[in-house]
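# Report on the structure
Residues per chain are reported as follows:
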Amino acid sequence: MADFSLHNTNIPGVILAGGRSTRMGQDKASVMLGGRSLLDHAIARLAPQVSTIAVNADSEPQCGLRFIPDIIPGKAGPMAGIHAAMAHAATLPGVSHVVTVSIDSPFFPAELVADFAAVIDSPAKIAIAASEGRPHPVFGLWPVSLGDELAGWIATDEKRRVRDFLLRHNVAEVAFPLHPTRASLLDPFFNINTPDDLVEAERWLQVLS
Ligand SMILES: Nc1nc2c(ncn2[C@@H]2O[C@H](COP(=O)(O)OP(=O)(O)OP(=O)(O)O)[C@@H](O)[C@H]2O)c(=O)[nH]1
Ligand SMILES: [Mg+2]
């Protein structure tokens, strides 16, 4: 039997909205989808699942939520945002893990945090999302105790690929099913990186029940 279980009433969430948005050509947080910004989509989807929400970005978003910039300078990639999330969550009382979601996947599962929490059976375990056999490691539940180690890894690893960091740890990959719509099945981690992806996301929004 597992000797550790996570109470999913005290898991803070961080929306990862940093990065360069090169392919989109504009800050993804303020990109509009179905009349709402991607930031508002992420907040609406995450709020029922977490105890608090903070936004990791380069500049303060106009949403009134706690703003946590990268601590490690130089746009070091998604792991820098995950590091900022861990450092922030480590200041909150009684918190062992923090969940991260990406700003550019607005259809992520409503059960994300509950399904992550269910597989955490030791304090140092990481859970990351997968769909259709592919991992989506920016969607993860991270032990806040890994903050210092992650900072050291970012400082020394050349490529700073999330997958390489995960290889060093106890990780559970949680597979999420495709989501039924009035058209075909939607990958809940559908990712908006380009203006064309945004057009496709608008089409998905029309057929979601
Ligand atoms: N904090 C932080 N987050 C980042 C950084 N780079 C990417 N991200 C986040 O990581 C996730 C995946 O980002 P991508 O879509 O791969 O990259 P992007 O920089 O937003 O866009 P591209 O420049 O088009 O690759 C998103 O949630 C980004 O906000 C970074 O340097 N710092
Ligand atoms: Mg992306």
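Rules and cut-offs
Residues numbered from 1 in each chain as written. Chains lettered and ligands numbered in written order. Predicted model: local features only at pLDDT ≥ 70, side-chain atom pairs only at ≥ 80, totals over all residues. Heavy atoms only, no water. UniProt positions renumbered as here; feature names shortened; annotations may be inferred. Helix = DSSP H or I, 4+ residues; strand = E, 2+ residues; numbered from the N terminus. Donors = N, O, S within 2.8 Å, 3.2 Å for Na, K, Ca; no water. Buried < 20%, exposed > 50% of the residue type's maximum accessible area, 1.4 Å probe, protein only. Phe/Tyr/Trp six-rings, centres within 6.5 Å; stacked < 30°, edge-to-face > 60°.

In the annotation of an unreviewed UniProt entry, the entry for the protein chain reads Molybdenum cofactor guanylyltransferase, and the organism field reads Rhizobium gallicum bv. gallicum R602sp. UniProt annotates the protein chain under Cofactor (unreviewed entry) with the comment "Mg(2+)". What the UniProt record of the protein chain gives under Subunit (unreviewed entry) is the line "Monomer."

The subject of this paragraph is the UniProt feature "domain: MobA-like NTP transferase" (unreviewed entry) in the protein chain. According to UniProt, the "domain: MobA-like NTP transferase" (unreviewed entry) feature falls on residues 13-168. In residues 13-168, the share of helix is 28% and the share of strand is 23%. The end C-alpha atoms are 23 Å apart.

So, on to the coordination of the magnesium ion (ligand 2). Only D104 (OD) and N193 (OD1) from the protein reach the magnesium ion (ligand 2) as donors, at distances of 2.2 to 2.4 Å. Of this pair, D104 sits in the loop between β6 (97-102) and α3 (112-118) while N193 sits in the loop between β9 (171-175) and α6 (195-207), and the two are 89 residues apart along the sequence. No difference in accessibility class separates D104 from N193, as the two residues are buried.

Attention shifts here to the packing of aromatic side chains. Overall, the coordinates contain six aromatic pairs when judged by the stated rule. Ring plane angle 80 degrees and centroid distance 6.0 Å describe the contact between F116 and F176, whose orientation is recorded as edge-to-face. Taken together, the residues F116 in helix α3 and F176 in the loop between β9 and α6 connect sequence positions 60 residues apart. On the accessibility criterion, F116 (0% relative accessible area) is buried. With 5.8 Å between their ring centres and 70 degrees between their planes, F176 and F189 make a pair best called edge-to-face. Pair noted here: F176 is in the loop between β9 and α6 and F189 is in the loop between β9 and α6, with a separation of 13 residues, a long-range link. In this structure F189 comes out as buried when scored by relative accessible area, which is 4%. In this structure an aromatic cluster arises from ring pairing among F108, F116, F139, F176 and F189.

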